[in-house]
Amino acid sequence: MTVPRPLLLAVLAVLLVGCGPARPPVTSWSQPSVAPSSAALSPSPSPSRAASPSPTPVVVPAGVDVGYAVFDRQAGVFTAQQHQTTQFRSASLVKLLIALDFLWNRGPGYTVPPADRSRLDVMLRSSDDDAASYYWNAGGRDQIVTRMVGRLGLQNTAPPSAAGRTGWGTTGLSAADVVRVYRYVLDSAPAPVRDYIMGNLHQSTPCGTDRYHQTFGIPSAFTRPWAAKQGWHGFGDTPADPCSGTGGAALTVPADSRILNGAVLHTTGTVGTGDRTIVVVLTQSPTGTTFARATALLTRLVRSLPVPGGVLA
């Protein structure tokens, strides 16, 4: 039987389409809202970026919560995120919001008076608690956080009153929101504000004024250039291994709510030439965890992350 030419061509076209390469399955990406108590954490790529080979995952001990986000400003993508919207107690990270709130309406020159400069410098470089309390009270306490949430579009940040507390260190925030803060400072803030904030963070001191070492995380994991704002609380008023410095007693926080339990230790900042990559790693450990143990884990976590532009120390 002779097959009509149009019909033959139609059959061949169907067969050729059927022999083409199969489409990959459609996958979805989501993040849990609560950090695990025990897990091997490895970098999770943004849905807009394919995964790249990563270092050996770090095993997180039971009872330790971790949230992190790594953002490559040059490529405009996250290279790692995990539990990035989980809320942690801020400890000293709220000092970034305190400083930005102070500077907000001082344009166009954004001049910092000498007396304020000395307080703000030590608050940002050496995490001074007395300076933070001074501006916290002067700026209206909770109102500082509320104003900055609206200005920067923060999504997981809440003032202490949301947890029934009043101390600045009990502000709740997430890794994703801290990245938003740094992206504002680096890419949207007026140049004098950017230069002042980042200039101080690039001069982060090895020791806090409360005599706790603050070289964990970013400063220990990478060679310069880097900038860092650290946070810690819940390890006692007097460090077991004190470094130089005076003043700034730690706040005492009752352990009676989810974000107030245990000891928190955070490292945040930028790594690489031109502040290329924003790195934020937040941790919470069970009450009684030593500072040395918490800092060792945090530094291992930071070293395991894909950080474009970073050179491991």
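Residues numbered from 1 in each chain as written. Predicted model: local features only at pLDDT ≥ 70, side-chain atom pairs only at ≥ 80, totals over all residues. Heavy atoms only, no water.

1. Some words on the overall build of the protein
The helix and strand tally for the protein stands at 9 helices and 9 strands. When the 313 residues of the protein are sorted by exposure, 50% land in the buried category. Counted over contacts in the protein with a minimum sequence separation of 6, partners at least 24 positions apart contribute 72%. (Helix = DSSP H or I, 4+ residues; strand = E, 2+ residues; numbered from the N terminus. Buried < 20%, exposed > 50% of the residue type's maximum accessible area, 1.4 Å probe, protein only. Contact = heavy atoms within 4.5 Å.)

2. Points about the side chain of Lys-229
Mapped onto the fold, Lys-229 is located in strand β7 (residues 226-233). Of the side chains bearing the opposite charge, Asp-129 lies closest to the buried Lys-229, which forms no salt bridge; the N-O distance is 7.5 Å. (Lys, Arg positive; Asp, Glu negative; His and termini not counted. Salt bridge = Lys/Arg side-chain N within 4 Å of Asp/Glu carboxyl O.)

3. So, the packing of helix α2 (residues 94-103) against helix α4 (residues 129-138)
For any two helices packed against each other, one specifies the crossing angle of their axes together with the interaxial distance. Following both chains from N to C, one finds α2 and α4 inclined at 50 degrees, their axes separated by 10 Å at the closest point. When the axes of α2 and α4 are compared, the pair comes out oblique. For α2 against α4, the interelement crossing comes out left-handed. Residues Lys-95, Ile-98 and Phe-102 of α2 pack against Asp-129, Ala-132, Tyr-135 and Trp-136 of α4. For the contact of α2 with α4, the class distribution of residues is 5 nonpolar, no polar and 2 charged. (Axes fitted to C-alpha atoms, helices over the stretch in contact; angles between N-to-C directions. Parallel < 35°, antiparallel > 145°, perpendicular 65-115°, else oblique. Left-handed = near helix turned anticlockwise from the far one by under 90°. Nonpolar A, V, L, I, M, F, W, Y, C, P; charged D, E, K, R; others polar.)

4. What to know about the confidence of the model for the protein
In this model, the protein carries a mean pLDDT of 84, and residues with pLDDT of at least 70 account for 77%. Contacts of residues 1-38 to residues separated by more than four positions or lying in other chains number 33 contacts, the stretch itself having pLDDT below 50. (pLDDT = per-residue confidence, 0-100.)

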